[in-house]
Amino acid sequence: MSGPSPNPPAAAAFFDLDKTIIAGSSALAFSRPFRRQGLITRRAALRSGYAQLLIMVSGADAATVEALRRRITALCTGWEVAQIRAIVAEMLHEIVEPLVYAEATELIAEHRANGDEVVVLSASGMEVVEPIAALVGADRCQATRMAVRNGRYTGEIELYLYGEQKAQAARDIAAARGYRLADCRAYSDSITDLPL
């Protein structure tokens, strides 16, 4: 028989993913294996990379981010979800581990040692975010979800976890788990996460 169960966490630490836990964009990190699998063309990969560079250099204003979101959504339409999950699972350690900031790993470990629940919130797609969150030791994650029909992306977005939606996700998790927001912490690199 096991001993008493540990106390549930009293607070949460909410982490953005891209450029907070990892250096760069989680979605764009997989562009090379997606291209090798014939999902995207070289030109599309270069255009997406160029758009990401513009966001990093000029700051992520809402119009630029929205244009990139539309481009990526259109690009993914018709892709098989199972194929995306398989590529991410196969390449996760090779592609993502070198991108993880040591400081983020230490901060996550510190929060876990303090008994906090670690939650990753990301505008990137759930199929990419979920395995990365598990890799870094997060307890849970929420991310953008694209609509799926017959195992393929439809091009519609069910949930776009960006800006205020990310803050609302944190509030919802805190309310459901009984956390006082004043006891929680949030980490991000972007002004778009100011509501968080």
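Residues numbered from 1 in each chain as written. Predicted model: local features only at pLDDT ≥ 70, side-chain atom pairs only at ≥ 80, totals over all residues. Heavy atoms only, no water.

Looking at the confidence of the model for the protein
Move 1: Summary statistics for the protein give a mean pLDDT of 83 and a share of 81% for residues scoring 70 or more.
Move 2: Confidence drops under a pLDDT of 50 for residues 1-5, and excluding neighbours within four residues, the segment shows zero contacts in the predicted structure.
Move 3: The low-confidence segment residues 53-58, where pLDDT is below 50, has six contacts with residues more than four positions distant or belonging to other chains. (pLDDT = per-residue confidence, 0-100. Contact = heavy atoms within 4.5 Å.)

Here's the deal with the sheet that holds strand 4 (residues 152-159)
Move 1: An order of 4-3-2-1-5 is seen for the five strands of this open sheet, with the pairing classed as mixed. Each edge of the open sheet carries a strand with a single partner, namely strand 4 and strand 5 (185-187). Sheet twist, expressed as the mean angle between neighbouring strand axes with direction ignored, is 30°.
Move 2: Bridge count for strand 3 (residues 140-149) against strand 4 is four bridges, and the pairing is antiparallel. Its bridge partner lying in strand 4, Arg 149 is registered against Arg 152.
Move 3: Contacting strand 1 (12-15), strand 2 (117-125) and strand 5, helix 6 (residues 102-113) crosses the sheet at an angle of about 160° to strand 1.
Move 4: The strands touched by helix 8 (residues 164-177) within the sheet are strand 1, strand 2 and strand 3, with strand 2 carrying the most contacts at an inclination of about 150°. (Pairing = 2+ DSSP bridges. Helix = DSSP H or I, 4+ residues; strand = E, 2+ residues; numbered from the N terminus. Axes fitted to C-alpha atoms, helices over the stretch in contact; angles between N-to-C directions.)

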